Amino acid sequence: MPWALIGLAGSAVGSLVGILTSSKLTSYRLEQLEKRVQAHNNLIERTYKLEERTELQEEKIRVANHRIDDLEQFHKPD
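Conventions and cut-offs
Residues numbered from 1 in each chain as written. Predicted model: local features only at pLDDT ≥ 70, side-chain atom pairs only at ≥ 80, totals over all residues. Heavy atoms only, no water. Helix = DSSP H or I, 4+ residues; strand = E, 2+ residues; numbered from the N terminus. Rg over C-alpha atoms; globule rule 2.2 N^0.38 Å. Buried < 20%, exposed > 50% of the residue type's maximum accessible area, 1.4 Å probe, protein only. Lys, Arg positive; Asp, Glu negative; His and termini not counted. Charge placed at Lys NZ, Arg CZ, Asp CG, Glu CD. Patch = residues over 30% accessible without salt bridge, like charges linked within 9 Å, V, L, I, M, F, W, Y side chains within 5 Å. Areas by Shrake-Rupley, 256 points an atom, 1.4 Å probe, with all protein chains shown as cover. Salt bridge = Lys/Arg side-chain N within 4 Å of Asp/Glu carboxyl O.

## Points about the overall build of the protein
At step 1: Helices and strands together make up the secondary structure of the protein, namely one helix and zero strands.
At step 2: Radius of gyration (C-alpha) of the protein: 34 Å, far over the 12 Å computed for a compact globule of 78 residues.
At step 3: With the C-alpha coordinates aligned to their principal axes, the bounding extent of the protein is approximately 115 × 10 × 5 Å.
At step 4: In the protein, buried positions account for 0% of the 78 residues.
At step 5: Charged side chains of the protein number 11 positive and 12 negative; the gap between the two group centres comes to 13 Å.

## Description of a negative patch on the surface
At step 1: A cluster of acidic residues, Glu 51, Glu 52, Glu 55 and Glu 58, forms a negative patch on the protein surface.
At step 2: Structurally, the position occupied by Glu 58 is in helix 1 (residues 2-74).

## Quick notes on the pattern of salt bridges
At step 1: If you walk through the whole model with that rule in mind, you get two salt bridges.
At step 2: Here Glu 45 and Lys 49 are joined by a salt bridge, their closest N and O atoms 3.5 Å apart. Here Lys 49 and Glu 45 lie together in helix 1, a separation of four residues that amounts to about one turn.
At step 3: Among the residues examined, Glu 45 registers a relative accessible area of 45% and is labelled partly exposed.

This is the structure:
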């Protein structure tokens, strides 16, 4: 009978240690995944800002080209 209780206690302790280890590993992996998602989100945000700046610069170039065309037409000899 005492051997059965010792065996039961050993099994219980082993199971608890396994569960705790697995829980720690899962927490670690989740933490790493969260870091990767945050890095990805930062990249997407920076890309979006760059696209906005590019659109603004392209609009400025179009306006400048239009003004140059107007000036060339104004100073064009008839």
